[in-house]
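Notes for the structure review
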Amino acid sequence: MSIGLGIGKIVIAMPGARTHDVITVLSGAAIAPLVQSFQTYNGIAPEIAWRNTAILVGAHLLSGIMFSPDLDLDSAIDNRWGPFYWIWRPYMHLVPHRHFWSHSLVISPLLRLGYFYLMLVLILVGGGWLLAQVGVIVPAYHRQLTDWILGLVRSYPQQTRAFLAGFITGSAAHTIADYLVTDGKRFLAYFGIRLRRSYRNHDRYR
Ligand SMILES: [Zn+2]
């Protein structure tokens, strides 16, 4: 994000993935003290609160950087998955860009988690089936994965809540930034911030 001075107004230029990364990191740093004081205010011991805060901020970063809402279109994001980029290809084709399914505040990050889980299950089931064709029988890894996740959720409910909350805020920070540079421009204008570029075409950003 480059901030320059226009004629008495702040002008912000917003490129794609990089700016979103900066927003993810800055918003993560900004919510950390809020989350921490909210917990201690509610009587949670500081050490436990710090642990929850670390999980929440970690999930916030993970969600904004690796599970970005722009996985629906921006191949710069799925490149981050290295050799596993193809996991997100069906998602990219199934989900219309900047639609409710990819850019809603709460539902879309949870959908991406669910999609990721389903893809893992498909890979494990498909891999097991292929190996069975050549006579190699492997355990039902997809069931082990599901049991492992359910076990984690049951044994660590507080950590699970912190993770989900951070996963949602990491995605919401992106959606809010997208909104502000497109439909929400007038709010920025109200605060004297004028965008240097039009982001009407954000939908076609590559
Ligand atoms: Zn976006």
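Up top you'll find the structure we're talking about.
Report on the accompanying structure. (Residues numbered from 1 in each chain as written. Predicted model: local features only at pLDDT ≥ 70, side-chain atom pairs only at ≥ 80, totals over all residues. Heavy atoms only, no water.)

Digging into the coordination of the zinc ion
Those protein atoms acting as donors to the zinc ion are Asp70 (OD), His103 (NE2), His174 (NE2) and Asp178 (OD), and they sit at 2.0 to 2.3 Å. Each of the four donor atoms around the zinc ion contributes to a set of angles spanning 89 to 176 degrees, which defines the coordination as irregular. (Donors = N, O, S within 2.8 Å, 3.2 Å for Na, K, Ca; no water. Tetrahedral: all angles 85-135°; square planar, octahedral: opposite > 155°, others 65-115°.)

Points about the packing of aromatic side chains
One pass over the full model with this rule turns up 12 aromatic pairs. Look at Phe67 and Phe116: their rings are 5.3 Å apart centre to centre, the planes differ by 85 degrees, and that puts the pair in the edge-to-face class. Here Phe67 is found in the loop between helix H2 (46–65) and helix H3 (75–78), whereas its partner Phe116 is found in helix H6 (residues 107–133), with 49 residues between them in sequence. By relative accessible area, Phe67 is classed as buried at 5%. Members of the aromatic cluster, connected to one another through ring pairs, are Phe67, Trp81, Trp88, Tyr91, Tyr115, Phe116, Phe163 and Phe167. (Phe/Tyr/Trp six-rings, centres within 6.5 Å; stacked < 30°, edge-to-face > 60°. Helix = DSSP H or I, 4+ residues; strand = E, 2+ residues; numbered from the N terminus. Buried < 20%, exposed > 50% of the residue type's maximum accessible area, 1.4 Å probe, protein only.)

A look at the packing of H2 against helix H8 (residues 157–181)
Running from N to C, H2 and H8 cross one another at 40 degrees; their axes reach a closest spacing of 7 Å. Between H2 and H8, the crossing angle belongs to the class labelled oblique. The two elements H2 and H8 meet at a crossing, and its hand is right-handed. For the pair H2 and H8, the contacting residues are Ile48, Arg51, Asn52, Ile55, Leu56, Ala59, His60, Leu62, Ser63 and Gly64 in the first and Gln158, Gln159, Ala162, Phe163, Ala165, Gly166, Phe167, Thr169, Gly170, Ser171 and Ala173 in the second. Considered class by class, the residues forming the contact of H2 with H8 number 10 nonpolar, 10 polar and one charged. (Axes fitted to C-alpha atoms, helices over the stretch in contact; angles between N-to-C directions. Parallel < 35°, antiparallel > 145°, perpendicular 65-115°, else oblique. Left-handed = near helix turned anticlockwise from the far one by under 90°. Contact = heavy atoms within 4.5 Å. Nonpolar A, V, L, I, M, F, W, Y, C, P; charged D, E, K, R; others polar.)

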